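These are the residues of each chain, in order.
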Amino acid sequence: MHLAPQDQKVDIVLRNQGATGSTFKISDGSHSPEKTVIVEPRTDSLEEVLDRRPEGNLIYSINDRPPWYLCVLLGFQHYILAFGGILAIPLILAEPLCISENNAAKSQLISTIFFVSGLCTVLQTTIGTRLPILQGGTFTFITPTLAILALPKWRCPEISATTYPNTTDFPALLIDSDEVWKVRIREIQGAILVASILQLVLGLSGLVGLVLKFIGPLAIAPTINLIGLSLFIQSGKKSGAHWGIAALTVCLILLFSQYLSKVNVPLIAYKDKTWKVFQYPLFKLFSALFGICGAWLVCFLLTYFDALPSSPNEYGYMARTDINLDAVASAAWFYVPYPGQWGLPTVSLSSVLGMMAGVLASTMESIGDYYACARLSGAPPPPTHAINRGIAVEGIGCILAALWGSGNGTTSYSQNIAALGITRVGSRLVLQTAGLLMIIFGLFGKISAVFITIPDPVIGGMFLVMFGMIAAVGISNLQYVDLNSSRNLLIFGFSTFSGLVLPTWFHSNPDMINTGIKELDQLIMILFTTHMFIGGFFGFVLDNTIPGTEEERGLKKWRKVHEGAQTYFTDHSCYNLPFCTNFVQRFKLLQYLPFLPSLKSQEQTTHL
């Protein structure tokens, strides 16, 4: 995904700033207007760096090591920024997985997805691109997952199906209630596990660059746009439980993220035997958290004073906060997720092919995030080997997520990249700390269970903002194309509209597909009920077959969007794997691997 314009304009430069004690290395500028500024790692305290923070400058760049307490503080902030998006995924999957009333299962899923997200974040920042980028659950896998679980064989059984007329055979007929949802999540695990091998191959083989040559804004825009639009039913269901509370949640999120975004809160710190006051953009950084907690508090007060209905059949009952309190009481204090905890994953061809659409969309998403993250962390644009390695590690992360059974994969989080520009802290160590915090919090079952008590309309309000933002991010890719061209308008309009019409029709007429081969019927059903696959497929085919100039298609701006005059805090060595540089240089053959730095790239770095 792409950042908002105000976040993209954060220039990583050292203007009007003294460089006492720092070492500078400037390129001759003969090749491009780029400059490289190598700054020695700093370990200044929080209040010191905030006091002297110049506008537009980084406090800590990618290789800097902030003090431990600042790493913990900023790492927790990244955790909070991501928790809304990560938490939304198991809550969306609860109903199709048949665990709407199974609080223990939901708590375990939440613990698992946070644990795996933290693990993948540490991997990506250490051996992946090595950029300060957070990994978390991805909405690109939601659409194919819902399509798979919508098949007749995976629909949730009726409650009456568990009644047993013959009490003599009761022990033999007794069905484990957990098995009802575990068999479904094992199907999703298998689909993600096999489909993610494609992402791993794309990264290790270097095919990502080849694929990118044929994918432009007109293929990306409808794909991401339909991820948000296709989830309007889930948003409506949650919000419809109490539209007043949902509207309150939306208003609070908008209040903190937009209206109060430029209001800095004074914070006090004690330094050198004196109290110092520094300004902190509290509302902008924690807007989603404050919005959700504010609406959650209102629901708690309404529940406490018995202002909400107490009957499950009355409208507004789902806004109560005491519905799932037993989940917190019954949850274990510690829960350790482990691979295969739901059983051995099952694999079917139709599910795997349907999930591949999500894998490709996630891959394209992440590549754009890498460039944005590099720009905001003081690093030069990522070289090809770093992008290849990053995609490969994301594939490994999705495989780990499938083995652990989070019900989802992992991808890069754009909102956390935006936080780099806001806080002006692009240190890799901060994101590694965030990953460790996610792993630790994922081990506490009580913390995960507390999230279950968030009322449905509060979650619905969060969905309205979040999914609307995802749809808008998809449309924002059109800024690179010529919108005065009828060709481009036709491609985008037809792709988006078809991505809404065809899945709706196939959902309404599931019996119309009858080829005589059961597996083929399931494959067609999954692909044609996956909104983003339809939109992305039509966008890709039409954009590459209908004649149009590169400028009209937006490819020139698309390729040059990351170029321009810029000053960096380090060279391309920040992308090299730790402890492996000398080993790679010693064995020349290793430098031909597409995910390792080549000799040519190292020479370019030397002569910057």
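Reading the values: the criteria
Residues numbered from 1 in each chain as written. Predicted model: local features only at pLDDT ≥ 70, side-chain atom pairs only at ≥ 80, totals over all residues. Heavy atoms only, no water. Helix = DSSP H or I, 4+ residues; strand = E, 2+ residues; numbered from the N terminus. Contact = heavy atoms within 4.5 Å. Areas by Shrake-Rupley, 256 points an atom, 1.4 Å probe, with all protein chains shown as cover. Phe/Tyr/Trp six-rings, centres within 6.5 Å; stacked < 30°, edge-to-face > 60°. Lys NZ or Arg CZ within 6 Å of the ring centre and 35° of its normal. Axes fitted to C-alpha atoms, helices over the stretch in contact; angles between N-to-C directions. Left-handed = near helix turned anticlockwise from the far one by under 90°. Nonpolar A, V, L, I, M, F, W, Y, C, P; charged D, E, K, R; others polar. Expected span 1.5 Å × (residues − 1). Bend = angle between axes of the 7 residues up to and from the residue. Buried < 20%, exposed > 50% of the residue type's maximum accessible area, 1.4 Å probe, protein only. Polar contact = N/O pair within 3.5 Å; in protein donor to acceptor, adjacent residues only side chain to side chain. Salt bridge = Lys/Arg side-chain N within 4 Å of Asp/Glu carboxyl O. Core = buried A, V, L, I, M, F, W, Y, C linked by side-chain atoms within 4.5 Å.

S.K.: How do you make sense of the overall build of the protein when you look at a structure like this?
M.R.: The helix and strand inventory of the protein stands at 27 helices and six strands. Pairs at least 24 residues apart make up 81% of the contacts formed inside the protein by residues separated by at least 6 positions. Carbon and sulfur atoms provide 65% of the accessible area of the protein, an area that totals close to 26900 Å².

S.K.: It is not clear to me how the packing of aromatic side chains should be interpreted in this structure. Could you clarify?
M.R.: The way to describe two aromatic rings as a pair is by their centre distance and the angle between their planes. Applying the stated criterion to the full structure yields 19 aromatic pairs. One aromatic cluster is present, built from ring pairs that chain together Phe 76, Tyr 79, Phe 114 and Phe 441. The aromatic ring of Trp 333 is capped on one face by Lys 446, whose charged end is 5.3 Å from the ring centroid.

S.K.: Which parts of the structure should I look at to understand the packing of helix α11 (residues 243-259) against helix α13 (residues 287-304)?
M.R.: In helix packing, the relevant descriptors are the interaxial angle and the interaxial distance, both defined with respect to the helix axes. The interhelical angle for the contact between α11 and α13, taken along N-to-C directions, is 145°, at an axis separation of 8 Å. Judged by the sense of rotation from one axis to the other, the crossing of α11 with α13 is right-handed. Contact residues: Ile 245, Leu 248, Thr 249, Leu 252, Ile 253, Phe 256 and Ser 257 in α11; Ser 287, Phe 290, Gly 291, Gly 294, Ala 295, Val 298, Cys 299 and Leu 302 in α13. When its residues are assigned to classes, the contact of α11 with α13 shows ten nonpolar, five polar and no charged.

S.K.: Would you mind going over helix α21 (residues 486-508) with me for this structure?
M.R.: Residues lying three or four places apart along an α-helix face the same way, a consequence of the helix completing one turn every 3.6 residues. Helix length check: α21, at 23 residues, gives a terminal C-alpha distance of 32 Å against a target of 33 Å (1.5 Å per residue), a fit within 8%. The sharpest bend along α21 comes to roughly 25°, located at Ser 498. Those residues of α21 that fall on the buried side of the exposure criterion are Arg 487, Asn 488, Ile 491, Phe 492, Ser 495, Thr 496, Ser 498, Gly 499, Pro 503 and Phe 506. Buried residues along α21 sit in contact with α9 (217-229), α20 (456-476), α22 (518-528), α23 (531-545) and α24 (550-553).

S.K.: For this particular structure, what's the right way to read the environment of Gln 479?
M.R.: Residue placement: Gln 479 occurs in the loop between α20 and α21. When its relative accessible area of 45% is taken as the criterion, Gln 479 is described as partly exposed. In this structure, the C-alpha to C-alpha distance between Gln 479 and Trp 558, residues 79 residues apart in sequence, is 9.3 Å. Here Ser 476 takes part through its backbone oxygen, which lies 3.0 Å from a polar atom of the side chain of Gln 479.

S.K.: I would appreciate a short explanation of the pattern of salt bridges in the present structure.
M.R.: In a structure, side chains of opposite charge can pair up when their charged atoms sit close to one another. Under the definition given, this model contains seven salt bridges. Glu 95 is paired through a salt bridge with Lys 237; the nearest N and O atoms lie 3.5 Å apart. Remark: Lys 237 occurs in helix α10 (residues 232-239) and Glu 95 occurs in the loop between α3 (68-93) and α4 (103-127); sequence separation between them is 142 residues. Take Glu 95: its relative accessible area is 45%, and that puts it in the partly exposed class. Among the salt bridges present, the one from Glu 179 reaches Arg 186, with a minimum N-O distance of 2.5 Å. For Arg 186, a relative accessible area of 13% gives the class buried. Salt bridges linked by common partners bring Asp 306, Arg 320 and Asp 322 together as one network.

S.K.: What am I meant to see in the environment of Leu 420 here?
M.R.: Checked against the element boundaries, Leu 420 lands in helix α17 (residues 414-423). Sequence separation between Leu 420 and Leu 376 is 44 residues; the distance between their C-alpha atoms is 6.1 Å. In contact with Leu 420, not counting residues within four places along its chain, are His 78, Pro 132, Cys 373, Leu 376, Val 425, Gly 426 and Leu 431.

S.K.: What is the right way to look at the nonpolar core in this model?
M.R.: The tendency in soluble globular proteins is for nonpolar side chains to be buried as a group. Ranked by internal contacts, the top residues of the largest apolar core, which has 111 residues, are Phe 114 and Phe 139. Of the residues forming this core, the biggest block, 14 residues, is contributed by α3. Apart from the residues within four sequence positions on either side, Phe 114 is in contact with Tyr 79, Phe 83, Ile 86, Leu 87, Met 438, Ile 439, Gly 442 and Phe 451. Membership of the second largest hydrophobic core comes to seven residues, among which are Phe 115, Val 116, Leu 400 and Ile 439.

S.K.: Would you mind showing me how to read the environment of Pro 281 here?
M.R.: By the secondary structure assignment, Pro 281 is in the loop between β4 (274-280) and α12 (282-285). Between the C-alpha atom of Pro 281 and that of Val 265, which follows or precedes it by 16 residues, the distance is 6.2 Å.

S.K.: Sorry, what's going on with unusual backbone geometry here?
M.R.: Of note, Arg 130 is a non-glycine position whose phi angle comes to about 65°, a positive value. Here Arg 130 is to be found in the loop between α4 and β2 (135-136). Assessed through its relative accessible area of 12%, Arg 130 is described here as buried. The backbone of Asp 306 shows a phi angle near 55°, a positive value even though the residue is not glycine. Within the element layout of this structure, Asp 306 appears in the loop between α13 and α14 (325-330). Take Asp 306: its relative accessible area is 53%, and that puts it in the exposed class.

S.K.: Can you help me understand the side chain of Ser 257 in this one?
M.R.: Structurally, the position occupied by Ser 257 is in helix α11. Residue Ser 257 is classed as buried on the basis of its relative accessible area of 17%. A distance of 2.7 Å separates a polar atom in the side chain of Ser 257 from the backbone oxygen of Ile 253.

S.K.: Whenever I open this one, the packing of α3 against α20 confuses me. Can you help?
M.R.: α20 packs onto α3 with a crossing angle of 115° between their chain directions and a minimal axis gap of 11 Å. For the pair α3 and α20, the crossing hand works out as left-handed. Contacts between α3 and α20 involve Gly 84, Gly 85, Ala 88, Leu 91 and Ile 92 from the first element and Ile 459, Met 462, Phe 463, Met 466 and Phe 467 from the second. Of the residues in the contact of α3 with α20, the class split is eight nonpolar, two polar and no charged.

Remember, this is a structural readout, not a statement about activity or role.
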